[in-house]
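Chain by chain, the residues run as shown.
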Amino acid sequence: MSVEEQRAGSRVSRPEVRLVRRGFTDPERALRLLAEPALDGLAGDPVLLDALGATADPDLALLGLARLLEAADATDRHTLRDTLTTSKPLRDRLLGVLGESTALADHLARHPHDWHILVTFELRDMHPGPEDFRRALHQGVWENDAGARSRADALRIAYRRCLLAIAARDLTGTTDLAQTAAELADLAGATLQTALDIAAEQDPDAAAVCRLAVIGMGKCGGRELNYVSDVDVIYVAEPCEGADEHEALKAATRLAAALTRLCADTTGEGTIWPVDANLRPEGRNGPLVRTLASHLAYYQRWAKTWEFQALLKARPVAGDTELGEAYVAALAPLVWQAAARENFVTDVQQMRRRVIESIPAPELDRQLKLGPGGLRDVEFSVQLLQLVHGRTDPALRSGNTLEALAALSRGGYVGRADAASLDAAYRFLRSLEHRIQLYRLRRTHLMPTGEEDLRRLARSLAPLINGDTRADPVAALQRDWKRHAVEVRRLHEKLFYRPLLDAVAELPVGAAGLTPDAARARLEALGYADPAAALRHLSALASGVSRKAAIQRTLLPVLLGWFADSADPDAGLLNFRQVSDALGRTPWYLRLLRDESAAAEQLARVLSAGRLAPDLLLRAPEAVAMLGDPQGLVPRGRAALEQEVLAAVGRADSTAAAVAAVRAVRRRELFRTAAADVLGRLGDDPAEALDAAGEALTALNAATLQGALRACVAGWEARNGALPTRIAVIAMGRFGGRELGYGSDADVLFVHEPLLGSLEEDAARAAQAVCNELRSLLAAPSTEPPLEVDADLRPEGRQGPLVRTLASYTAYYRRWSHVWESQALLRAEPVAGDEALGERFRQLIDPMRYPGAGVAERDLVEIRRIKARIEAERLPRGADPTTHTKIGRGGLADVEWTVQLLQLRHGHGLPALRTTRTRAALAAAVEAGLVEEADAEVLDAAWVLASRVRSAVMLVRGRPGDSFPADARELAGVARYLGYGAGHSGELVDDYRRTTRRARAVVERLFYG
């Protein structure tokens, strides 16, 4: 028993069961309609009932037929009934339309005589073209117009009549998708021409002084129009001989505006479709009509990449044919040079991303056109390949998507199997879109959700669905739709990147065969600066018959896309080759990339985001494994790090080996933090991510110093016996403030305290030897990144002893200390060594950095003088003070010195100010009323941005820097890290200058007074 019979149940009569078996869902209403006088004699016709049952919606078809017969006059009704019973072609076409489209059924109910159009287009081999539609519209508007209706209504009626014929041929399989879309575009061109003729009739003065051509764009230009769609056009005009150009343009604008109103305005017969001229130069802000010379000047000087992509489909469709052809001929050379423009692929990718981002979230999974795996993915892919390779191959220069795809396949730019698969997916998705629009003749690209709508679609598209639709047509439809969408998304990657592999690898016969020149052209268009080197890398990765090469051939199309979406695709590909060379024979590595798509994407993003993370990874490529671990990119805390480091030290057989093990742990954890940062795993808020990175790097350096100190003490004791002193390491500067960046040194002070009974000289020598060895081993040349331990903030600077006793520090600070040293001690924090000694050092310096009497006036003057001197003397030669992140205008020093001055003046009385962290101290100053909240927000924003820029520079360049990179690609990488899209590096610099300028104004008031 069928699903329909089960739904009907046991209570239905035998006639109702027969109707249910034919596909009717409301047999009771069907029987009532069949009993209507208009259908008298047809109710018992099994041929008619079978024909109704073969439609997409038998109930809808029967209702439409009843309405048509009731509306027809007696003569026409008799003719129609006879034709229905004797002519299968007419019967199938009429019922096919009535079972699919309520809008066309409404038209037939208003104009019942229009069913005769279905006889006009009866012959299967007849393919109506533009002239056929122009004649039909002309006849409907002028020859049959008795003056009872307006030209606008007559045009709408004639348009619907032609649309009825196209739909009938489409729904009965007389035409395929490509022919149907071409006929719709030809009908649109004929409608535009007729509307222009009406406008000229209404304004003969305008028609007499200008030549106006209408250029079809988009799907209209490509002869692949939908049933309901905006018709994109561009207007170009020239004055008639002897006419003034200015007056001719005004006249042409009147005609173009009248044409638009005739097509788009709603009358008693509804509307046709909107005419959209927003693809014209300057869009809505530009003049509606331009001369050919004006168009050409604009495209030569001002046009963006997407405008050339749009022009790929330009085609004259109405108006002055000679002028239209001249327009297309003049602009075609510019179209095929677009791929050579700077940021070509970036612009195309940005446009596609903007389209996806504009889709409301609830609609994303229902979008046939704009969503991932939708029609726009196919069109963008084909157009990009056309623009890249059409420069040298004229065979690719078609405005029609399916024709262009076939040409790409014939030329070897797309594999034959891939082209066939994409062709099938595109035809299915477009056919689905057409059926959805036909129902009410409404512009929509959303998959319906109602059961009845889905059932009608499934029955209508049954010939295209892969599988049996009889048991559950809705499930079959949705299954096939999802299958095609997934295929489109997969083929998008292959269309761009798989042929590149075919060009360099030994692949099976039948794969696409890009020539080396074509492969280089494609790589260059995709943003690779050195396509020849990229091809060499691809060849090395993909050639051969090994398992490694086979897996990498599968991965590379996806990876190349991710690399191309970065600021430096070349570096991403090179780094991947190096990692694969190191790990390619490791089973877990290939398995990780093959089976964990997230790990592969993360690896690609990290490898192409700059030099620091890849450099760290290439020193020990096995760290790739953490990308496949859900917790692999979570920075580890100080306790866990210290436990691992001390365990590694305990296993080492020498001091050098122990410190090398410590440095290896630091390198791995640096990669973990840098990778997490690059991938946005440290926090959604930029300030939150910055603080998290600072905490992670501080914990890592503290654990490193603890391990290295333990190793050096153990080494000294192995050589000399028990160490005669205890040692503590005090973090200073950004280290003490837990604000370290990737390129920061470890600023420290070393303090020791002789053990009871030890000679102070022996203790000093031992402490000096241990601390010197620690610094030397951590900075020594090695495969591991160095940690520079900087002790220059100690008393007397480089001239003073490296390590002092607590008593020596006490004596120095009491007698000789300067105010800047008190300021430096604001960020002092014990981080390694003897905890009790470190705590006593903290107690020693607290009265100095938080003086009870505040800051004396002479010290305040001295602080300001030192700050001004630093600004004047320490800025590197040639550096721009507006973009130097450390000591430039509104940079780190400006904010930190301002906050530290508040801490010196008020820290004694306000415990909340006694923190080594800049942002925490600034927040405490706001809470205490020392700084206005608005001023604090300005300072905080500048400090966060400057810190993030320094981190970005280190991540991108692999070496520290305080200014924006001069290299454009490096600057683009910094901008990407900071959240700016491709091509927006200039915006970053402008935003930085704006933010720091505002911060400097606050510093002038709060610091300099």
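Residue numbers restart at each chain and count upward from 1, following the sequence in its written direction. Only residues with pLDDT of at least 70 are given local features in this predicted model, and only at 80 or more are side-chain atom pairs given and counted; all residues enter the totals for whole chains, interfaces and linings. Calculated side-chain values reflect all of the structure's heavy atoms, with hydrogen atoms and water omitted.

### Brief notes about the confidence of the model for the protein chain
Here's step 1: Along the chain, pLDDT gives the predictor's confidence residue by residue, from 0 to 100. Averaged over every residue, the pLDDT of the protein chain is 89; the share at 70 or more is 93%.
Here's step 2: Mean pLDDT values over the elements of the protein chain span from 47, in helix 1 (residues 3-8), up to 98, in strand 1 (residues 210-216).
Here's step 3: Here, two residues are considered to be in contact whenever any of their heavy atoms come within 4.5 Å of each other. Note on residues 1-10: pLDDT is under 50 here. Beyond four places in sequence and across chains, it has nine contacts.
Here's step 4: Overall, residues 505-512 carries pLDDT values under 50, and its contacts beyond four positions in sequence, including any with other chains, amount to 14 contacts. In this text, helices come from DSSP runs of H or I with a minimum length of four residues, and strands from runs of E with a minimum of two, each type numbered from the N-terminal end.

### Examining the pattern of salt bridges
Here's step 1: When a carboxyl oxygen of Asp or Glu is within 4 Å of a side-chain nitrogen of Lys or Arg, the pair counts as a salt bridge. Counted under the stated rule, the structure contains 64 salt bridges.
Here's step 2: Across the salt bridge formed by Asp480 and Arg483, the nearest N and O atoms sit 3.1 Å from each other. Placement of both Asp480 and Arg483 in helix 24 (residues 473-504) is noted, with a separation of three residues, approximately one turn of the helix.
Here's step 3: Using a relative accessible area of 2% as the deciding quantity, one classes Asp480 as buried. Exposure categories follow from relative accessible area, calculated using a 1.4 Å probe and restricted to protein chains: below 20% of the type maximum is buried, above 50% is exposed, and the middle band is partly exposed.

### A word on helix 5 (residues 58-71)
Here's step 1: In a regular helix each residue adds 1.5 Å, so 14 residues correspond to 20 Å; helix 5 covers 20 Å between its end C-alpha atoms and thus fits that length.
Here's step 2: For helix 5, a buried count of ten out of 14 residues is recorded, marking the element as mostly surrounded by other parts of the structure.
Here's step 3: Turning to helix 5, its buried residues number three or more, namely Pro58, Asp59, Leu60, Ala61, Leu62, Gly64, Leu65, Ala66, Leu68 and Leu69. Residue count minus one, scaled by 1.5 Å, sets the expected span of a helix.

### Quick word on the pairing of strand 10 (residues 829-833)
Here's step 1: Counting buried positions over the five residues of strand 10 gives four, a clear majority of the element.
Here's step 2: Sheet topology places strand 6 (residues 725-731) next to strand 10; four bridges connect them, and they run antiparallel. Bridge pairing links Val729 to Ala832 in strand 10. At least two DSSP bridges between two strands are needed for those strands to be called paired.

### Focus: the environment of Leu774
Here's step 1: Looking at the secondary structure, you find Leu774 in helix 36 (residues 760-779).
Here's step 2: A relative accessible area of 0% means that Leu774 is categorised as buried.
Here's step 3: With 115 residues separating them along the chain, Leu774 and Val659 place their C-alpha atoms 8.3 Å apart.
Here's step 4: With sequence-adjacent residues up to four places away left out, Leu774 is seen in contact with Leu705, Ala708, Leu709, Cys712, Phe750 and Val789.

### Quick word on the nonpolar core
Here's step 1: Buried Ala, Val, Leu, Ile, Met, Phe, Trp, Tyr and Cys residues that are joined via side-chain atoms within 4.5 Å together make up what is termed a nonpolar core. Ranked by size, the top nonpolar core spans 144 residues in total, and within it Phe576, Leu705 and Phe750 carry the most contacts.
Here's step 2: With 16 residues, the top contributor of residues to this core is helix 34 (residues 686-720).
Here's step 3: If we ignore the near neighbours within four places in the chain, the residues touching Phe750 are Ala728, Val729, Cys771, Leu774, Arg775, Val789, Ala791, Leu802, Val803, Arg804 and Tyr809.

### Comments concerning the packing of aromatic side chains
Here's step 1: Whether two aromatic rings pair depends on their centres lying within 6.5 Å, for rings of Phe, Tyr and Trp, where Trp uses its six-membered ring; planes under 30 degrees apart make the pair stacked, over 60 edge-to-face, and the rest tilted. The final tally for this structure, using the stated rule, is eleven aromatic pairs.
Here's step 2: Geometrically, the ring pair formed by Trp588 and Tyr589 is edge-to-face, given 6.3 Å between the ring centres and 90° between the ring planes.
Here's step 3: Judged by relative accessible area, Trp588 falls into the partly exposed class, the value being 28%.
Here's step 4: Judged by centre distance (4.9 Å) and plane angle (85°), the rings of Phe1007 and Tyr1008 are edge-to-face.
Here's step 5: According to the relative accessible area criterion, Tyr1008 is partly exposed, its value standing at 23%.

### A short note on the packing of helix 26 (residues 531-542) against helix 27 (residues 547-564)
Here's step 1: To get an axis, fit a line to the C-alpha atoms, keeping to the stretch in contact for a helix; angles then go from 0 to 180 degrees between the N-to-C directions. With their axes 8 Å apart at the nearest point, helix 26 and helix 27 run at an angle of 145° to one another. Between helix 26 and helix 27, the residues in contact are Leu538, Leu541 and Ala542 and Ala549, Gln552, Arg553, Leu556 and Leu560, respectively.
Here's step 2: For the contact of helix 26 with helix 27, a count of residues per class yields six nonpolar, one polar and one charged. Under the convention adopted here, Pro, Cys and the residues Ala, Val, Leu, Ile, Met, Phe, Trp and Tyr are nonpolar, Asp, Glu, Lys and Arg are charged, and Gly plus all remaining residues are polar.

### Structural notes on the environment of Val317
Here's step 1: Inspection of the secondary structure puts Val317 in strand 5 (residues 315-319).
Here's step 2: Measuring from C-alpha to C-alpha, the distance between Val317 and Gly216 comes to 5.6 Å, with 101 residues separating the pair along the chain.
Here's step 3: Excluding its chain neighbours within four sequence positions, the residues that come into contact with Val317 are Arg134, Gly189, Leu192, Val214, Ile215, Gly216 and Cys220.

### Topic: the side chain of Arg1000
Here's step 1: Mapped onto the fold, Arg1000 is located in helix 45 (residues 985-1006).
Here's step 2: Its relative accessible area of 14% is what places Arg1000 among the buried residues.

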